[in-house]
Structure formats: C-alpha cells, structure tokens
Amino acid sequence: MKVKLGDVCDKGSSNLKQSDVINQNGQYPVYGAAGLLGNIDSYHQDKPYVAVVKDGAGVGRVTLHPGYSSVIGTLQYLLPKENVLPEYLYYVTKHMHLEKYYTGATIPHIYFKDYKNEKFNLDTIEKQQRIVDILKKTENIIESRQQELQKLDDLIRARFVELFGDLRTNTKEWKIQAFSELTDLITDGEHATPRRTTNGIYLLSARNILNHAIQLDDVDYIDQEEYDRIAKRVVPQAGDVLISCSGTVGRCCTVPVGLKFQMVRSAALLRFKPEINPKFAEYMITSEYLQEQINRLKTASSQANLFQGKIAKLKGFAPPMELQQEFNAFVAVIDKSKATVQKALDETQLLFDSLMQQYFG
C-alpha cells in the first residue's frame, strides 16, 4: 500500500558537534556526513536508524547506522516505526533523492517537514526483508566490482614504481627537467565565453577531466563555426595530455584517438616532446611527486587555479623510451580488463536502479 514517509518514521535531532568527538575514546560511535568521526562515552539511539545529511555538503544523502550510536548536528535522525525495517527505510529514502528538497545557496539545507509527505509502496515485514536481502546482494556485487577496479588501478601504480622508481626520492636517478623543457606546448582553453549549443562538438571544462578518463555525461557543446574560431588558438590532438586547472586541480588524462573537442580556460593542454610517452606523462602527473608540486604551486582564491606559467615550472623526468613503452603496453592490457569489469559494474548498477524503481517507484 502507498504511505507517506512520515507514516513510517519519526524525526530526531542531535546537538553533538564534531569538536565533541575529538580526542574522545569511548565505546559508542559518532557519525558525520563523511562517515565515522570517533567514539564517545554515550549514545543517542539504541536501535538502528537512518541518518540524512541536512546541512552543508552532501545534503540529502542518507546512511544506515547501528544502534548504540549517534550523529552530529548536521545530520537528521529518521527513526523507523514498527511497521518498517531500518534497512528498508534506508533503501526507500535513498530512492527518494531527498537532495531535491534543499534550500539555501551558501549553505544548503533540507527540512523533514518538506519531504515527510513523500509517498512510497510499503510492503509487509516479510516482503520487506526479502527486498532488503536482494538489494543487499546486488550492492555487494557492485562493491566487489568497484574493488576489482581499484585493485587494477593499484596494479598499474605498482608497475609504474617498479619501472621508474619512487619519483619523490628519484631512486632511479633520472634527470630532473621542468615541464617547459619536456613539452612543445602548454596552453589552456578559450578565455572568452564560447557560444554554446544544445549539441554538436564537445566543449570540455575541468569537470570533464578525471584521472585517466574523460567524462562526457555532463558536457557542453559548440558548433563548427565556434570550433573553428577557437581552433586558431589550439587544435587538440590524440596523445595530448589534459589537466584540470581550476576548482579540483591536477586531475589528468590523455586525449584518445577520434575525440573532437575544444575546451575552456579551466582545462589545460600539454603536448609533450617525442621523448615522452603520453601515457607515462599521465601517470607521472597523477603521482604523489607531481601532485605535491601542483598543490604547492596552485593559486588559491575563491577556488584553486593552476595557470600555464605554474604548469611550466613543474618538475618531471624523461626515462628511457623503451621503459615508457613497456609501461604503456602494460596499461593497455590492464585497461582492457578494466573495461570488462566496468561493463559488468554498469550492468549491475542498472539492475540495482531498476529494482529500486520496481520496489519503491
């Protein structure tokens, strides 16, 4: 039967602050928006409950917590009544995407009074348990796939260190060179505001540059005329290396074959000299050695920036090309495995989303 969220749970609030948890060594856990904060000598809730981030970053995100625990004041307790299992309530609220109720520009927040009337299908306790079991198993598969991807990434990093040593201590004693010496071109994207269209040629920004991948799910577009205008400045090529240089600074990926695009100023493009393999350069830039340099050089204002002049000052290496090519071949093999795992992950996520819609939609 259809019920309102307020029919199956009560709200609760917390007066705990993050500072109340620091340097405490109790036995009862306290949770914040990012997870476990620590342990104190008391607890607010003695039974499992759902917590909703009600203020600040991550507003609307829901988590399930055990009994004999607490949350800090930026989270809202949702305390299940007898007609609903805590795990079922968790999946219900997760499906509702409560973040859509947020208000406030500087510090977003949501209120129970605004989302308590959300309706969903409430099953019997027995069926709730069956649904929870199915969703848990599906989430476990998703988590397993994600762990596989993480292990493959770890394998690439381990191979990088095996071939090139620890760049921070330069254990292989490579010659240190500035990026201005290692590249033929360092530039950023269009400074003027491009004329965007609803479809056409990709216009990338910092948000589209991930580590070792380009994200095209949320992307802007320009037409051919605008592309030609910007192309007078630079024409991106396969093998160029992109760096996010505004906001979240330092993410890096290589331009794949066949991708036609331009970019705005929050993205930078590096074209390395022939003695540098782009895939080696990509992983060198994402290494701790280069990321530490980037963090020191980036300009902090309202948001972090890494301008061309600072990129040119970064220090890197040009190991023997045969080692770089060996690394490139290794990454290509691992990337094939990652693609297989990612496909399975995407399919399982699609199944999970479909089940959530079937049960609660």
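In what follows, the accompanying structure is described. Note that this is a predicted model, so its numbers are computed, not measured.

### Considerations on the pairing of strand β3 (residues 28–32)
Working step 1: The buried fraction of β3 is high, at five of five residues.
Working step 2: Of the two faces of β3, both are covered, the one formed by Tyr-28, Val-30 and Gly-32 as well as the one formed by Pro-29 and Tyr-31.
Working step 3: Adjacent in sequence and paired antiparallel, β3 and strand β4 (residues 35–40) are bridged by two residues.
Working step 4: The pairing of β3 with strand β7 (residues 70–71) spans two bridges and is parallel. Looking at β7, one finds that Tyr-31 is bridged to Val-71.

### Structural notes on the packing of helix α6 (residues 278–285) against helix α9 (residues 321–360)
Working step 1: Following both chains from N to C, one finds α6 and α9 inclined at 80 degrees, their axes separated by 8 Å at the closest point. When the axes of α6 and α9 are compared, the pair comes out roughly perpendicular. Residues Lys-279, Phe-280 and Tyr-283 of α6 touch α9, and the partners they reach there are Gln-324, Phe-327, Asn-328, Val-331 and Asp-335.
Working step 2: Its residues placed into classes, the contact of α6 with α9 shows four nonpolar, two polar and two charged.

### Remarks on the packing of helix α3 (residues 125–164) against α9
Working step 1: In the contact formed by α3 and α9, the axes pass within 10 Å of each other and the chain directions differ by 170 degrees. The orientation of α3 with respect to α9, classified from their angle, is roughly antiparallel. In the crossing of α3 with α9, the sense of the turn from one axis to the other is left-handed.

### Side note on the pairing of strand β12 (residues 201–204)
Working step 1: Here β12 runs beside strand β15 (residues 220–222); their pairing, made up of three bridges, is antiparallel. Across the sheet, the residue bridging to Tyr-202 is Tyr-221, located in β15.
Working step 2: Looking at chain direction, β12 and strand β18 (residues 261–263) are connected through three bridges and run parallel. In the sheet register, Leu-203 faces β18, and the bridge partner there is Gln-262.

Rules used throughout
Residues numbered from 1 in each chain as written. Predicted model: local features only at pLDDT ≥ 70, side-chain atom pairs only at ≥ 80, totals over all residues. Heavy atoms only, no water. Buried < 20%, exposed > 50% of the residue type's maximum accessible area, 1.4 Å probe, protein only. Helix = DSSP H or I, 4+ residues; strand = E, 2+ residues; numbered from the N terminus. Pairing = 2+ DSSP bridges. Axes fitted to C-alpha atoms, helices over the stretch in contact; angles between N-to-C directions. Parallel < 35°, antiparallel > 145°, perpendicular 65-115°, else oblique. Contact = heavy atoms within 4.5 Å. Nonpolar A, V, L, I, M, F, W, Y, C, P; charged D, E, K, R; others polar. Left-handed = near helix turned anticlockwise from the far one by under 90°.

Shape is all these values report; function is a separate question.
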